[in-house]
Amino acid sequence: MTAFHILLLIGGYFALLLLISYFTGRNDSNEDFFQAGRKSPWYLVAFGMIGASLSGVTFISVPGWVESSQFSYMQVVFGYLAGYLVIAWVLLPLYYRLGVTSIYEYLDQRFGNTSYKVGAISFFVSRVLGAAFRLFLVAIVLQQFVFEAWGVPFEVTVVLSVGLIWVYTYKGGIKTIVWTDTLQTLFMLLAVGLSIYFINQSLGWSLGEFLASEELTRYSKVWFTESFSEKNHLVKSFLGGMFITICMTGLDQDMMQKNLTCRNLRDAQKNMVSFSVVLVGVKFFFLLLGALLFIYADRFGIATPLMDGAPKSDLLFPEIALNSGLEPIVGITFMLGLIAAAYSSADSALTSLTTSFCVDFLHIRKRPEASQKALRKRVHLWMSALLVIVVVLFKYVLDRNVIDGLLTVATYTYGPLLGLFAFGILTRYTLKDRWVGVVALMVIGLVVLLANLPSSMLGGYQFGYELLPLNGLLTFLALLLIRERK
């Protein structure tokens, strides 16, 4: 598949998104941009959220992670499922009862302005980094397989990627995204299914023969219980996955903004439960695809592609799909899936960052009504520029598998949110609000210090994703020191 054909594919896909944007963004109101009029069908939101949860990170980085971690990621995924149930029965009722646009308005009502700002800043930093991780992954694939041959700088590739997202979201916002996410999820799942089918066919296997093969057993170990000191131990992975979901979905404006477009709480809960069950199966198929990619590469002597002189396992899927001689349909569906994965996460991130900044920092509803729409559009452009800057910086500082990097960042940045919301829901205390920011910074500093201690100083213990609940617990305990009775 040539670079020109890939560009044609991107152009056609982008034209389809613009068509959806035209019909959903004709009203161009702030209400539609932020809340979609609270009229979205729950099943549409649920299907679209699969794609938004997977993103380009899952699409490429999870299969690329299989060689080093086998199927240990499923331990985290089962933790995700538990976390989604907590969101459905604890957090969603809270948000619908308060009728919030930004979920961090709860912290303002519960504790005060400083807590509100700490929560909003925690989300803002988390989402900028998370969206940049995802965009970076897609940008390096486009750069490696399309623009590099034409001498286009990586920075221009990033600007083009973000610019396309800005164009189709600047009017309709979340109302557009509810519909585009549905289309993007369909393309992503289709890409995975067809890739598994055609790679198996080229290996001379049926799906059943692949599942029963000796080669698969080299990669398919799920449960790791040998040593609690190891980073991927079952308990640590499960708890980490549960709290990552509670924070990165339930306490995240990006994901909750879609849920809050449902007509009522019951519909939102049906959306959350059905989406979470389906997601477990989808993640497992991504791991199967990863094992299949490494088996195929080993069988035909395909080396892991290099980036800046070092092997980059995230690039194995695109290398096989585009350059290994498989049927052209594999390359076509891969690019469609990749583009869908990129846009399904980045477009909603851009919209939620715009929403949070307008509501939480600029207090847009308190401004003259005539200026609100223009302000929202300016903020949308600023957020796009910010994402471009951060993605470009990642090229020079990121040195690990992207999914691992994304989850590691979450353990630091979502801790204050977890501690604040838990304190608000589980206790009847209020806080000395002015000290909340100091507490959050001190706890984050302590967690970063713990995470970077040599394992030899901890008796061989290695911190994994359990750093996130630990971060939340330490924040909760520190908040007890500045509590006040209501």
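Residues numbered from 1 in each chain as written. Predicted model: local features only at pLDDT ≥ 70, side-chain atom pairs only at ≥ 80, totals over all residues. Heavy atoms only, no water.

**Concerning the overall build of the chain**
(1) Moving on: Counting its secondary structure elements, the chain contains 20 helices and 4 strands.
(2) Moving on: Across the 486 residues in the chain, those meeting the buried criterion constitute 60%.
(3) Moving on: A fraction of 85% describes how many contacts in the chain between residues 6 or more apart in sequence connect residues 24 or more apart.
(4) Moving on: Summed over all atoms, the accessible surface of the chain reaches about 18,900 Å², with 64% contributed by carbon and sulfur. (Helix = DSSP H or I, 4+ residues; strand = E, 2+ residues; numbered from the N terminus. Buried < 20%, exposed > 50% of the residue type's maximum accessible area, 1.4 Å probe, protein only. Contact = heavy atoms within 4.5 Å. Areas by Shrake-Rupley, 256 points an atom, 1.4 Å probe, with all protein chains shown as cover.)

**Quick look at the pattern of salt bridges**
(1) Moving on: Within the structure shown, the criterion is met by 5 salt bridges.
(2) Moving on: R127 is the salt-bridge partner of D252, the closest N and O atoms lying 2.7 Å from each other. Of this pair, D252 sits in the loop between α11 (234–250) and α12 (253–259) while R127 sits in helix α6 (residues 113–147), and the two are 125 residues apart along the sequence.
(3) Moving on: Judged by its relative accessible area of 4%, R127 is buried.
(4) Moving on: The shortest N-O distance in the salt bridge between E226 and K221 comes to 2.6 Å.
(5) Moving on: For E226, a relative accessible area of 59% gives the class exposed.
(6) Moving on: For K221, a relative accessible area of 32% puts it in the partly exposed group. (Salt bridge = Lys/Arg side-chain N within 4 Å of Asp/Glu carboxyl O.)

**A look at the nonpolar core**
(1) Moving on: In this structure, F59, Y95, I199, M272, F334 and M335 are the most contacted members of the largest nonpolar core, which totals 154 residues.
(2) Moving on: The element best represented in this core is α6, accounting for 20 residues. (Core = buried A, V, L, I, M, F, W, Y, C linked by side-chain atoms within 4.5 Å.)

**Thoughts on the packing of α6 against helix α18 (residues 415–426)**
Helix packing geometry: the angle between the two helix axes and the distance between the axes.
(1) Moving on: Running from N to C, α6 and α18 cross one another at 140°; their axes reach a closest spacing of 8 Å. One way to sum up the angle between α6 and α18 is to call them oblique. Considering the relative orientation of α6 and α18, their crossing is left-handed. Here S115, V118, G119, S122 and F123 of α6 lie close against α18, whose contacting residues are P416, L417 and L420.
(2) Moving on: The residue inventory of the contact of α6 with α18, partitioned by class, reads 5 nonpolar, 3 polar and no charged. (Axes fitted to C-alpha atoms, helices over the stretch in contact; angles between N-to-C directions. Parallel < 35°, antiparallel > 145°, perpendicular 65-115°, else oblique. Left-handed = near helix turned anticlockwise from the far one by under 90°. Nonpolar A, V, L, I, M, F, W, Y, C, P; charged D, E, K, R; others polar.)

**Digging into the side chain of S102**
(1) Moving on: Relative to the helices and strands, S102 resides in the loop between α4 (73–98) and α5 (105–110).
(2) Moving on: Not counting chain neighbours up to four residues away, the residues in contact with S102 comprise Q253, V359 and D360.

**A few points about α4**
(1) Moving on: In a regular helix each residue adds 1.5 Å, so 26 residues correspond to 38 Å; α4 covers 35 Å between its end C-alpha atoms and thus fits that length.
(2) Moving on: By the largest-angle criterion, I87 marks the main kink of α4, which is about 40°.
(3) Moving on: Where α4 ends, the next residue or the one after it, G99, has phi of about 65°, a positive value. (Expected span 1.5 Å × (residues − 1). Bend = angle between axes of the 7 residues up to and from the residue.)

**Section: the confidence of the model for the chain**
(1) Moving on: Here the chain averages 81 in pLDDT, while 88% of its residues score no lower than 70.
(2) Moving on: Summarising per-element confidence for the chain, the mean pLDDT is lowest in helix α2 (residues 30–35) (58) and highest in strand β3 (residues 429–431) (94). (pLDDT = per-residue confidence, 0-100.)

**Section: a nonpolar patch on the surface**
(1) Moving on: On the surface, a cluster of nonpolar side chains totalling about 500 Å² of accessible area is made up of L85, W89, V90, I425 and L426.
(2) Moving on: Of all the secondary-structure elements, those providing two or more residues to the nonpolar patch are α4 and α18.
(3) Moving on: At 3 residues, α4 tops the list of elements feeding residues into the nonpolar patch.
(4) Moving on: Considering the arrangement of structural elements, one finds L85 in helix α4.
(5) Moving on: By relative accessible area, L85 is classed as partly exposed at 37%. (Patch = residues over 30% accessible without salt bridge, like charges linked within 9 Å, V, L, I, M, F, W, Y side chains within 5 Å.)

**Describing the packing of aromatic side chains**
(1) Moving on: Inspection of the entire model under this criterion finds 21 aromatic pairs.
(2) Moving on: One aromatic cluster is present, formed by F111, F423, Y429 and F476 through successive ring pairs.
(3) Moving on: Across from the ring centre of F224, 4.5 Å away, lies the NZ or CZ of K221, which sits over that ring.
(4) Moving on: The ring of W205 has R299 sitting right over it, with the charged end atom 5.5 Å from the ring centre. (Phe/Tyr/Trp six-rings, centres within 6.5 Å; stacked < 30°, edge-to-face > 60°. Lys NZ or Arg CZ within 6 Å of the ring centre and 35° of its normal.)

**So, helix α13 (residues 265–300)**
(1) Moving on: For α13, which comprises 36 residues, the first-to-last C-alpha distance of 52 Å matches the rise-based estimate of 52 Å (1.5 Å per residue) to within 8%.
(2) Moving on: You can read the cap of α13 off the contacts: a side-chain oxygen lies 3.2 Å from the backbone nitrogen of R266, and it is on N264.
(3) Moving on: Phi turns positive, to about 65°, at G301, one or two residues after α13. (Polar contact = N/O pair within 3.5 Å; in protein donor to acceptor, adjacent residues only side chain to side chain.)

**A word on the environment of T355**
(1) Moving on: You can see T355 is positioned in helix α15 (residues 328–361).
(2) Moving on: Here T355 falls in the buried class, since its relative accessible area comes to 0%.
(3) Moving on: For T355 and H380, which are 25 residues apart along the polypeptide, the C-alpha to C-alpha distance reads 8.7 Å.

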